[in-house]
Protein chains: 2
Amino acid sequence: MDIFENKNRTELSELGEFGLIDHLTKNIKIHNDTTLKGVGDDAAVIENNADEVTLITTDMLVEGVHFDLTYMPLKHLGYKAIVVNLSDICAMNGKPKQVFVSMALSNRFSLEAVEELYTGMLLACQQYKVDLAGGDTTSSTSGLVLSITATGTTQKGNQVYRDGAKPNDLVCVTGDLGSAYLGLQILEREKQIYIENPGVQPDLEGFDYILERQLKPEARVDIIDLLAEMGVKPTSMIDVSDGLSSELLHICKQSAVGCTIYEDKLPIDPVAYDTARELNLDPTTCMLNGGEDYELLFTVSIDDFDKIKHNPSITIIGHITLKDEGANLVPANGPVIPLKAQGWNALS
Amino acid sequence: MDIFENKNRTELSELGEFGLIDHLTKNIKIHNDTTLKGVGDDAAVIENNADEVTLITTDMLVEGVHFDLTYMPLKHLGYKAIVVNLSDICAMNGKPKQVFVSMALSNRFSLEAVEELYTGMLLACQQYKVDLAGGDTTSSTSGLVLSITATGTTQKGNQVYRDGAKPNDLVCVTGDLGSAYLGLQILEREKQIYIENPGVQPDLEGFDYILERQLKPEARVDIIDLLAEMGVKPTSMIDVSDGLSSELLHICKQSAVGCTIYEDKLPIDPVAYDTARELNLDPTTCMLNGGEDYELLFTVSIDDFDKIKHNPSITIIGHITLKDEGANLVPANGPVIPLKAQGWNALS
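Residues numbered from 1 in each chain as written. Chains lettered and ligands numbered in written order. Predicted model: local features only at pLDDT ≥ 70, side-chain atom pairs only at ≥ 80, totals over all residues. Heavy atoms only, no water.

J.: Sorry if this is basic, but what is going on with helix α2 (residues 74-90) of chain A here?
T.: One turn of the α-helix equals 3.6 residues, which is why residues spaced by three or four share an orientation. Between the first and last C-alpha of α2 of chain A there are 24 Å, a value that for 17 residues agrees with the 24 Å anticipated at 1.5 Å per step. Counting buried positions along α2 of chain A gives 15 out of 17 residues, so the element sits mostly inside the fold. (Helix = DSSP H or I, 4+ residues; strand = E, 2+ residues; numbered from the N terminus. Expected span 1.5 Å × (residues − 1). Buried < 20%, exposed > 50% of the residue type's maximum accessible area, 1.4 Å probe, protein only.)

J.: What should I look at first to understand the domain arrangement of chain A in this one?
T.: Frequently, the measure chosen for interface size is the accessible area that the parts lose on association. Residue and element names in this part refer to chain A. We note that the domain assignment places domain 1 (32-155) and domain 2 (170-338) within chain A. Here the C-alpha centre of domain 2 lies 22 Å away from the C-alpha centre of domain 1. Each side of the interface is counted separately: domain 1 has 23 residues, and domain 2 has 24 residues. Interface area, domain 1 with domain 2, both sides summed: about 2,100 Å², of which 58% is carbon and sulfur. When the buried surface of domain 1 facing domain 2 is broken down by residue, Y71, K80 and N93 rank first, second and third, together holding 29% of it. Along the contact surface separating domain 1 from domain 2 lie three salt bridges. Across the pair D68 and K191 runs a salt bridge whose closest N-O atoms are separated by 2.4 Å. (Domains from an automatic or database assignment. Contact = heavy atoms within 4.5 Å. Buried area = accessible area lost by both parts, 1.4 Å probe. Salt bridge = Lys/Arg side-chain N within 4 Å of Asp/Glu carboxyl O.)

J.: Looking at this structure, I do not really get the relation of the copies chain A and chain B. What am I missing?
T.: Expressed as a screw operation, the relation of chain A to chain B combines 0.0 Å of axial shift with a rotation of 180°, fitting to an RMSD of 0.0 Å. In the structure described here, the two chain copies are related by an operation that fits a two-fold rotation axis. Looking at the interface residues of chain A, 100% of them are also at the interface in chain B, so both copies use one shared face. (Least-squares fit on C-alpha atoms with pLDDT ≥ 70 in both.)

J.: Is there a simple way to think about helix α3 (residues 111-128) of chain B in this case?
T.: Taking 1.5 Å per residue as the helical rise, α3 of chain B with its 18 residues ought to reach 26 Å, and the 26 Å between its terminal C-alpha atoms agrees with that figure. All of the buried residues in α3 of chain B are L111, E112, A113, V114, L117, Y118, G120, M121, A124, C125 and Y128 of chain B. For α3 of chain B, the elements touching its buried residues are α1 (12-25) of chain A together with α2 (74-90), β4 (95-105), β5 (131-139), β6 (145-155) and α6 (221-230) of chain B. Where α3 of chain B ends, the next residue or the one after it, K129 of chain B, has phi of about 55°, a positive value.

J.: Even after reading the chapter, I still don't get the pairing of strand β4 (residues 95-105) of chain A, so can you show me in this structure?
T.: Looking down a regular strand, the side chains alternate between one sheet face and the other. Residues and elements named next belong to chain A. The buried fraction of β4 is high, at nine of 11 residues. Bridge count between β4 and strand β6 (residues 145-155): nine bridges; the pairing is antiparallel. By the bridge assignment, A104 is partnered in β6 with V145. The pairing of β4 with strand β5 (residues 131-139) spans eight bridges and is classified as parallel. (Pairing = 2+ DSSP bridges.)

J.: Mind showing me how you'd approach the packing of helix α3 (residues 111-128) of chain A against helix α1 (residues 12-25) of chain B here?
T.: Relative to each other, α3 of chain A and α1 of chain B sit at 25°, their axes nearing to 11 Å. Classed by the angle they form, the pair α3 of chain A and α1 of chain B counts as roughly parallel. In the packing of α3 of chain A onto α1 of chain B, the handedness of the crossing is right-handed. On α1 of chain B, the residues that touch L111, V114, E115 and Y118 of chain A of α3 of chain A are L12, L15, L20, H23, L24 and T25 of chain B. For the contact of α3 of chain A with α1 of chain B, the per-class residue count stands at seven nonpolar, two polar and one charged. (Axes fitted to C-alpha atoms, helices over the stretch in contact; angles between N-to-C directions. Parallel < 35°, antiparallel > 145°, perpendicular 65-115°, else oblique. Left-handed = near helix turned anticlockwise from the far one by under 90°. Nonpolar A, V, L, I, M, F, W, Y, C, P; charged D, E, K, R; others polar.)

J.: Quick question: what am I supposed to make of the interface of chain A and chain B here?
T.: Each partner contributes residues to the interface: chain A has 86 residues there, and chain B has 86 residues. At the junction of chain A and chain B, the tally comes to zero salt bridges. Taken together, the links from chain A to chain B amount to 31 residue pairs in polar contact (both at pLDDT 80 or more). Taken together, the elements giving at least two residues each to the side of chain A that touches chain B come down to α1, β2 (44-47), β3 (52-62), β4, α3, β5 and β6 of chain A. Counted by class, the side of chain A that touches chain B contains 38 nonpolar, 34 polar and 14 charged residues. (Polar contact = N/O pair within 3.5 Å; in protein donor to acceptor, adjacent residues only side chain to side chain.)

J.: I would appreciate a short explanation of the sheet that holds strand β9 (residues 258-262) of chain B in the present structure.
T.: Pairing between sheet strands relies on hydrogen bonds along the backbone, with the strands arranged either parallel or antiparallel. Residue and element names in this part refer to chain B. Taken together, seven strands build an open sheet; the order of strands is β8-β10-β7-β11-β9-β12-β13 and the sheet is mixed. Edge positions in the sheet fall to β8 (236-239) and β13 (337-338), since each has one partner strand and no second. By the bridge criterion, four bridges tie β8 to strand β10 (residues 296-300) in an arrangement that is antiparallel. When the bridges of β10 are listed, S236 appears paired with T299. Relative to β10, α6 is tilted by about 20°, and along the sheet it contacts β7 (170-174), β8, β10 and β11 (314-321).

J.: Explain the packing of helix α4 (residues 179-196) of chain A against helix α5 (residues 208-215) of chain A to me, please; I cannot follow it from the model alone.
T.: To describe two helices that pack against each other, one gives the angle between their axes and the distance between the axes. All names here are of chain A. Where α4 contacts α5, the axes come no closer than 7 Å and their chain directions differ by 100°. Overall, the two elements α4 and α5 adopt an arrangement that is roughly perpendicular. Every residue of α5 that contacts α4 at S179, A180, Y181, L182, G183, L184, I186 and L187 is listed here: Y209, I210, L211, R213, Q214 and L215. Split by residue class, the contact of α4 with α5 holds 10 nonpolar, three polar and one charged.

J.: Would you explain the packing of aromatic side chains in this entry?
T.: The geometry of an aromatic ring pair is captured by the separation of the ring centres together with the interplanar angle, meaning the angle of the planes. In total, this model carries zero aromatic pairs over all chains according to the counting rule given. If you follow K216 of chain B out to its NZ or CZ, it ends over the ring of Y79 of chain B, 4.5 Å from the centre. (Phe/Tyr/Trp six-rings, centres within 6.5 Å; stacked < 30°, edge-to-face > 60°. Lys NZ or Arg CZ within 6 Å of the ring centre and 35° of its normal.)

J.: Just checking my understanding: could you explain the sheet that holds strand β12 (residues 327-330) of chain A for this structure?
T.: Residue and element names in this part refer to chain A. Strand order in the open sheet made by the seven strands is β8-β10-β7-β11-β9-β12-β13, with mixed pairing throughout. Since the sheet does not close on itself, it has two edges, and those belong to β8 (236-239) and β13 (337-338), each with one partner. One ladder, built from four bridges, connects strand β9 (residues 258-262) with strand β11 (residues 314-321); its direction is antiparallel. Within β11, the position partnered with I261 by the bridge is G318. α2 rests against β8 and β10 (296-300) of the sheet, and its axis sits at about 175° to β8. The strands touched by helix α6 (residues 221-230) within the sheet are β7 (170-174), β8, β10 and β11, with β10 carrying the most contacts at an inclination of about 20°.

J.: Please clarify how the state of the cysteines should be interpreted in this entry.
T.: Such a bond, covalent and formed between the sulfur atoms of two cysteines, is termed a disulfide. Applying the stated criterion across every chain, the model contains zero disulfides over all chains. The thiol of C259 of chain B is not disulfide-bonded; the next cysteine sulfur, from C252 of chain B, is found 3.7 Å away. (Disulfide = S-S within 2.5 Å.)

Here it is, written out as structure tokens:
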């Protein structure tokens, strides 16, 4: 009766998260022709009618894997849990509309704690004008597990996938990169100091911006509006949750292209840069592999260069190449470096 | 920094699952007029256009709370996890279309184990012609957590809520009740025997039907087709996941009505009846409070009596009354008994 007795045992860690997903989903058959896009992008795309599609995405957050309640206030966790899903809707070039919230709670949580969590969620809903339209609440035998589903809409044909990048397209990113990761490093540092000396107050002064990027990220709905106003439809798009390298490699793999990005073009905030130096971390590595920025990474046709070139929210960091040229970073000094997905691997 | 230090600490168990949900959701504000129905029913209802609505429901299943892998084969668990969500779409009078699967897995699980789980999910998708269109896979620090979201559609205006029951409406239920619960009792009994004597083979002979009801339930999509063919639109509907009493009380509360149901009308399978007797359980209690039947409980106008009266899939078990008459069971012998929700309470 023990289901874990298995002669052929392959450890999940041998495949990693993306390997497991590829393996499990390769035999999925689509039965409904309204399912325009199933697994493999930031959200599924479902046809409603000739004019509009519904976008659906879902994300699971596990205590001890995705968040640490020692330094993550529950209100912030609630806000962030919603925002990261809205970000996936944005990454499809859509506008978020509804969210569904499932929670597994242990008896360690009081009503007041759950209220804090929920307050953060409702604050995000208010901020983005999305509706908390359903969910499920149950008990957990151990830590907190959150599962959020978000829906959104866009005009049919306006949705942007990961697989549309073409050679010579420009690679663009919004905002700045690496800050959320560096905010996390500061929180981790202060947690260690607190564990060793519980009397010492955490020293977080001067780190406001990078802490906010970690604890209260935002979804770039404004960019979706901006792209519409500028009349630019990206050829591919993804949000930066696992790190720039990892996301760029997704676009390259799915679009069957390569890319070249330039170290000196990568956008970083001055506080993030200084923090990296202070912590003896390479700022470029933080930008490439840090993750949790929730900025949008997209490619546009070179024909759209004039429309985007002076926009302060968008940085052109490189261009798409032929597949066999690979995905590469051109450093400020030294030889070209192949990009590697060293980001988040929740199954390692 | 300890968020669990809280002077005002209210235990979640003081509220229970439904109390907590009521408390948390009472301040939700709807921002989009396409959100026709948010929390409080089997699924949310989202307007797509003048003709159609999308239904969305989500459910979280936690190892050790909702299932026990000692006797629940992973393939069956996968199948059941999908089906219970499709059942919620049916309970809105809709047809299921897509599912989204999130899983938190511990390293206790091998790839082969996850494949078993996924095979069961894909089998349910094949059976019901729904598309597995997305999800999330992550690691868990302890047990397995599944979070499933299902979507469906129906003609606008054809969706059925919990709040439309009117006095004199007939109370109807599909199939039979109590079997899934009694199947679980048999599995629990054999588990205990196995724990005490690992050499003894489990004795499951003759219990096929009730074991299948527990391990491989089905969603009543056929009833949605049947109701459409008969030209019957229920005035209210819910699926029986927590037990007949609990579900009837939801309908009564949301519709602001009472109800009277008759013990001798309640449908039970002969094997389930005999098993209840063998286990010294009251068959009626099993039907009222057992849960996990995934049958549909609905009310119809008395004008539809002729359309449904001879249908073998539907049993009329009572009628709706005025609110102040309460929700009652008329036993075969003895005085009227008020119905109580003694079903599943995942937070107790």
